[in-house]
Amino acid sequence: MTAQAGATHPTSHDHAHDDADYLRASSGFRSWAMTLDHKRIGIMYLVAVLTAFLAGGIFALIVRTELLWPGRTIVDPDTYNKAFTLHGAIMVFLFIIPSIPAALGNFFLPLMLGAKDVAFPRLNLASFYIYVFGAIFALFSIVTSAVDTGWTFYTPYSTQTGTAVIAMTLGAFILGFSSILTGVNFIATVHKLRAPGLHWKRLPLFVWSIYATSVIQVLATPVLAITLLLLIMERALTLGIFDPRLGGDPVLFQHFFWFYSHPAVYIMILPGMAVVSELIATFSRRKIFGYMFVAMSSVALALLAFLVWAHHMFVAGMSEYAVMVFSGLTFLVAIPSAVKVFNWVATLYKGSVSFESPMLYGLAFIVLFTVGGLTGLPLATIVTDVHLHDTYYVVAHFHYVMVGGTVFGFVGGLHYWWPKMTGKLYNERLAQIAFSLVFTGFNVTFFTQFLLGSHGMPRRYYDYLDQYQPLHGFSSFGSYILGVGFVIMLWMFIQSLMRGPKSPPNPWGSAAFEWQTSSPPIAHNFHETPIVTRGPYDYHLATEEELYTGFPEDRVERVTAKTEKEEG
């Protein structure tokens with residue numbers, strides 16, 4: 001791709017733009033609150049999801065501290081129920097689902113496509129404010145009487161409890177609209193705003209995964225919205241939909257909920273895979289092995305996601321034939337996931353691998369996601385699922401996929417694109433120390449829970465037998481290490497913003513498209529419409545100028561000095 005260097009093709013829409021970057025193009029609260037710039041909207045999403053991550057993390061630490069010893073440690077049973085529910089609901093609906101698509105996707109999708117913005121900038125801003133509106137409802141539920149149903153809102157308990165179920169589910173209902181509108185926007189952007197020469201086989205794998213994610217968001221989220229609306233109507237109007245006392249069917253709620261929520265797992269993990277593909281290519285200096293297989297795996301996961309929802313319900317009383325079918329379909333999911341892992345590892349083979357902090361998160365993703373995937377096989381197998389269902393084994397498996405996968409991918413992407421977003425470099429040593437603590441703390445916390453679950457410890461229990469205390473204590477100790485790691489990471493990013501050195505346009509020497517602009521990018525991304533002449537991972541076709549890791553003016557001086565020396 002030639003964005004600033006090489007051949008360009010001005011169009012009738014091109015005109016001279018101010019050279020100011022998007023952070024300095026305008027100032028003041030209104031310039032941010034009413035902005036249509038996808039990069040600023042991405043930054044606002046980033047601040048919002050990181051705030052949600054902080055809140056969800058605090059609730060997680062409360063839960064783990066309570067479980068240090070049997071009986072009461074710091075909170076009573078009702079508060080404990082609310083804490084683990086809010087941890088799950090905040091992390092899923094306010095953090096993980098919008099984290100990569102809405103924050104990083106908003107910022108980088110148009111840059112990767114050579115576009116000046118998303119297809120519908122006003123709709124993009126509206127999506128953000130819908131997200132904020134939904135978050136306010138969730139916050140209202142916390143301030144009033146919270147919610148204690150678990151993040152799944154299972155009936156019939158959710159139709160009977162006196163906590164703020166309506167406020168929290170209404171918040172999730174509103175957040176769903178934000179997700180749908182963002183998905184529609186991204187699909188239209190990928191179809192209509194690709195730069196000349198950027199055909200489908202040249203799309204960055206990040207774009208492929210975000211595209212597949214958007215398809216799931218548009219098709220599956222309405223099912224959750226309808227389900228939560230029915231739950232709200234049942235509580236408010238006493239309709240008999242899910243409550244058996246009123247003639248309803250609680251298992252119907254589970255079918256509706258998981259028809260969305262299992263695809264939602266792929267809404268969460270596919271963007272993480274998207275980031276890792278970019279990290280592996282950049283820090284291996286190689287074209288992704290089996291590019292089209294990786295791209296089609298994203299599409300296959302998006303399609304299979306709609307066929308396996310009932311594997312969450314093997315013990316809910318389904319017919320044995322339905323259970324067998326859903327068990328078999330669940331094993332199919334392993335194929336595209338394994339294709340991705342195989343191709344990432346094959347890319348590393350004979351690559352020029354370097355181990356900067358973003359790459360450490362990328363490699364950790366591969367290891368942890370593989371563990372998460374393999375430990376899912378016993379849950380897809382009917383006979384072992386009966387033993388492990390609703391135990392800490394499920395909690396550990398879920399966190400290895402969602403945290404070891406998505407969160408590590410998100411954090412790796414944040415490190416990777418931080419210089420592009422802020423124009424600042426960060427302290428690499430601090431970043432690596434934080435990674436060591438996060439990786440260690442995560443495994444101490446959640447690998448221990450595989451053992452707890454295998455020994456029969458049920459999840460969500462406030463109290464437990466003394467025999468589980470050593471493992472619970474060890475798991476809680478790991479959560480504190482994890483928390484310290486994230487605090488150091490936060491300090492590192494704040495330090496970078498306050499006094500970090502200026503970043504060159506392409507500090508990692510990547511051939512990817514988004515690095516061919518300035519850091520941070522100008523308000524309209526490109527001075528002229530770029531023409532794409534190669535793929536994003538074609539290092540053998542990229543010019544020395546495109547891969548240069550320093551400042552352009554330094555390179556010009558160096559080339560000039562070298563020429564003068566050669567001439568005489």
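Numbering of residues starts from 1 in each chain and follows the order in which that chain's sequence is written. Local features in this predicted model are restricted to residues whose pLDDT is 70 or higher, and side-chain atom pairs enter the listing and the counts only when it is 80 or higher, whereas totals over whole chains, interfaces and linings include all residues. To get the side-chain values, take all heavy atoms of the structure and skip hydrogens and water.

## Let's talk about the overall build of the protein chain
Counting from the N terminus, the helices are the DSSP runs of H or I reaching at least four residues and the strands are the DSSP runs of E reaching at least two. When helices and strands are tallied, the protein chain shows 17 helices and 0 strands. We compute the radius of gyration over the C-alpha atoms and compare it with the globule rule, which gives 2.2 Å times the number of residues raised to the power 0.38. The C-alpha atoms of the protein chain give a radius of gyration of 24 Å, which matches the 24 Å a tight globule of 568 residues would have. With respect to the three principal axes, the spread of C-alpha positions in the protein chain is 90 × 45 × 45 Å. Exposure is judged per residue with a 1.4 Å probe applied to protein chains only, and the accessible area is read against the type maximum: over 50% gives exposed, under 20% gives buried, and values in between give partly exposed. Looking at the 568 residues of the protein chain, the share that counts as buried comes to 57%. Only carbon and sulfur atoms are counted for the fraction: they give 69% of the accessible area of the protein chain, which is about 22,600 Å². Each accessible area is a Shrake-Rupley estimate made with a 1.4 Å probe; only the visible protein chains count as cover when residues are assessed.

## Here's the deal with helix 9 (residues 291–304)
Multiplying 1.5 Å by the helix residue count minus one yields the expected span of that helix. For helix 9, which comprises 14 residues, the first-to-last C-alpha distance of 20 Å matches the rise-based estimate of 20 Å (1.5 Å per residue) to within 8%. When we look at burial in helix 9, the residues that qualify are Tyr 291, Val 294, Ala 295, Ser 297, Ser 298, Leu 301, Ala 302 and Leu 304. As for helix 9, its buried residues are in contact with helix 7 (205–237), helix 8 (250–284) and helix 10 (320–348). The contact criterion used is simple: two residues touch if any of their non-hydrogen atoms lie within 4.5 Å.

## Re the packing of aromatic side chains
Aromatic pairs are defined between Phe, Tyr and Trp rings, using the six-membered ring for Trp, whenever the two ring centres lie within 6.5 Å; interplanar angles under 30 degrees are classed as stacked, those over 60 as edge-to-face, and all others as tilted. On inspection of all chains with the given rule, the structure shows 48 aromatic pairs. Both rings, one in Tyr 400 and one in Phe 450, keep their centres 5.3 Å apart while their planes meet at 35°; by these two values the pair is tilted. Of the two residues, Tyr 400 sits in helix 14 (residues 392–422) while Phe 450 sits in helix 15 (residues 428–454), which places them 50 residues apart along the sequence. Of the two residues examined, Tyr 400 and Phe 450, each falls in the buried class. Put simply, the rings of Phe 93, Trp 151, Phe 153, Tyr 154, Phe 242, Phe 253, Phe 256, Phe 257, Trp 258 and Phe 398 touch in pairs and so form one group of aromatic residues. Of note, Arg 40 hangs over the ring of Trp 32, and the distance from its end group to the ring centre comes to 4.3 Å. Working rule: Lys NZ or Arg CZ, within 6 Å of ring centre, within 35 degrees of ring normal, means a charge sits over the ring.

## A closer look at the packing of helix 8 against helix 9
Contact pair helix 8 / helix 9: the axes reach a minimum separation of 11 Å and the direction vectors enclose 175°. Considering the angle they form, helix 8 stands roughly antiparallel to helix 9. Only Val 294, Ser 298 and Leu 301 of helix 9 make contact with helix 8, whose side of the interface consists of Tyr 266, Leu 270, Met 273 and Ser 277. Residue classes follow a fixed rule: Ala, Val, Leu, Ile, Met, Phe, Trp, Tyr, Cys and Pro count as nonpolar, while Asp, Glu, Lys and Arg count as charged, and any other residue, Gly among them, counts as polar. Looking at the contact of helix 8 with helix 9 residue by residue, the class counts come to 5 nonpolar, 2 polar and no charged. Every angle, taken between N-to-C directions, lies between 0 and 180 degrees, and every axis is a line fitted to C-alpha atoms, over only the stretch in contact when it is a helix. Every angle not falling under 35 degrees, over 145, or within 65 to 115 is termed oblique; those three ranges are roughly parallel, roughly antiparallel and roughly perpendicular.

## A few points about a nonpolar patch on the surface
A grouping of Val 315, Tyr 321, Met 324, Ile 382 and Val 386 is seen on the molecular surface, where their side chains present a nonpolar patch of about 500 Å² in accessible area. Only helix 10 and helix 13 (382–388) provide two or more residues apiece to the nonpolar patch. Summarising the element assignment, Val 315 is placed in the loop between helix 9 and helix 10. The patches described consist of residues with a relative accessible area above 30% and no salt bridge, like charges being joined within 9 Å and nonpolar side chains (Val, Leu, Ile, Met, Phe, Trp, Tyr) within 5 Å. Here a salt bridge means any side-chain nitrogen of Lys or Arg lying within 4 Å of a carboxyl oxygen belonging to Asp or Glu.

## Structural notes on the pattern of salt bridges
A full pass over the atoms with the stated rule returns 6 salt bridges. Residues Asp 21 and Arg 24 are paired through a salt bridge, measuring 2.6 Å at the closest nitrogen-oxygen approach. For Arg 24, a relative accessible area of 58% puts it in the exposed group. Between Lys 287 and Asp 538 there is a salt bridge whose closest N-O contact spans 3.7 Å. Within this pair, whereas Lys 287 is found in the loop between helix 8 and helix 9, its partner Asp 538 is found in the loop between helix 16 (469–499) and helix 17 (552–567), the two being separated by 251 residues in sequence. The class of Lys 287 is partly exposed, set by a relative accessible area of 45%. Asp 538 sits in the buried class, given a relative accessible area of 8%.

## A look at the packing of helix 3 (residues 77–113) against helix 6 (residues 165–192)
Two elements in contact, helix 3 and helix 6, have axes separated by 11 Å at closest approach and are oriented at 20°. Looking at the two axes, helix 3 sits roughly parallel to helix 6. The way helix 3 lies across helix 6 gives a crossing that is left-handed. Judged by residue contacts, Leu 86, Ala 89, Phe 93, Leu 94, Ile 97, Pro 101, Gly 105, Asn 106, Leu 109 and Leu 113 of helix 3 engage Met 168, Ala 172, Leu 175, Ser 179, Phe 186, Thr 189 and Val 190 from helix 6. Each helix crossing is assigned a hand: it is left-handed if the near helix lies turned anticlockwise from the far helix by less than a right angle, otherwise right-handed if that turn is clockwise.

## Examining the environment of Asp 21
Structurally, Asp 21 is set in the segment before helix 1 (29–33). Look at Asp 21 and you get buried, because its relative accessible area is 12%. Setting aside residues up to four positions removed in sequence, Asp 21 forms contacts with Pro 520, Pro 521, Ile 522 and Ala 523. N or O atoms closer than or at 3.5 Å make up a polar contact, with two conditions inside protein: a donor-capable atom paired with an acceptor-capable one, and, for residues adjacent in sequence, both atoms drawn from side chains. Only 2.8 Å separates the side chain of Asp 21 from the backbone nitrogen of Leu 23, close enough to count as a polar contact. There is a polar contact of 2.6 Å between the side chain of Asp 21 and the side chain of Arg 24.

## Some words on the nonpolar core
Joining through side-chain atoms within 4.5 Å is the link that ties buried Ala, Val, Leu, Ile, Met, Phe, Trp, Tyr and Cys residues into a set, and such a set is a nonpolar core. In terms of nonpolar packing, the biggest core is built from 163 residues, with Phe 93, Phe 95, Tyr 266, Trp 417, Met 421 and Met 489 touching the most fellow members. Sequence-distant contacts of Phe 95, defined by excluding residues within four places in its chain, comprise Val 49, Ala 52, Phe 53, Ile 90, Val 407 and Phe 410.

## Points about the confidence of the model for the protein chain
Summarising the model, the protein chain shows a mean pLDDT of 89, and 97% of its residues fall at 70 or more. What pLDDT expresses is the predictor's confidence in each residue, scored from 0 to 100. Confidence drops under a pLDDT of 50 for residues 2–16, and excluding neighbours within four residues, the segment shows 28 contacts in the predicted structure.

## Observations regarding the side chain of Asp 117
Locating Asp 117 in the fold gives a position in the loop between helix 3 and helix 4 (121–143). Notably, Asp 117 is buried but unbridged: the nearest opposite-charge side chain belongs to Lys 39, and the N-O separation is 6.5 Å. Leave out the neighbours within four places in its chain, and Asp 117 touches Leu 36, Asp 37, His 38, Pro 110, Thr 189, Leu 193 and Asn 525. The positive count covers Lys and Arg only, the negative count covers Asp and Glu only, and His and the chain ends enter neither.

## Brief notes about unusual backbone geometry
Glycine aside, the phi torsion of most residues is negative, and most peptide linkages are trans. Omega for the peptide link from Thr 155 to Pro 156 comes to 5°, which places this bond in the cis form. Of note, Pro 156 is situated in the loop between helix 4 and helix 5 (157–160). Phi is positive for Thr 238, which is not a glycine, with a value near 60°. For Thr 238, a relative accessible area of 53% translates into the label exposed. A positive phi angle is found at Lys 350, which is not glycine, with a value near 65°. Relative to the assigned elements, Lys 350 resides in the loop between helix 10 and helix 11 (357–374).

## Digging into the environment of Leu 113
Relative to the helices and strands, Leu 113 is located in helix 3. For the pair formed by Leu 113 and Tyr 361, sequence separation is 248 residues and the distance between their alpha carbons is 25 Å. In this view, Leu 113 contacts Thr 189, Val 190, Leu 193, Arg 194, Ala 195, Leu 198, Leu 203 and Val 207; residues no more than four positions away in its chain are not counted.

## Re the environment of Tyr 426
Mapping Tyr 426 onto the fold places it in the loop between helix 14 and helix 15. Counting along the chain gives 75 residues from Tyr 426 to Pro 501, while the straight-line C-alpha distance between them is 7.5 Å. Excluding residues that lie within four positions of it along the chain, Tyr 426 makes contacts with Ser 357, Pro 358, His 415, Trp 418, Ala 431, Met 492, Phe 493, Ser 496 and Trp 508. Polar contacts involving the side chain of Tyr 426 include one to the main-chain carbonyl oxygen of His 415, which spans 3.2 Å.

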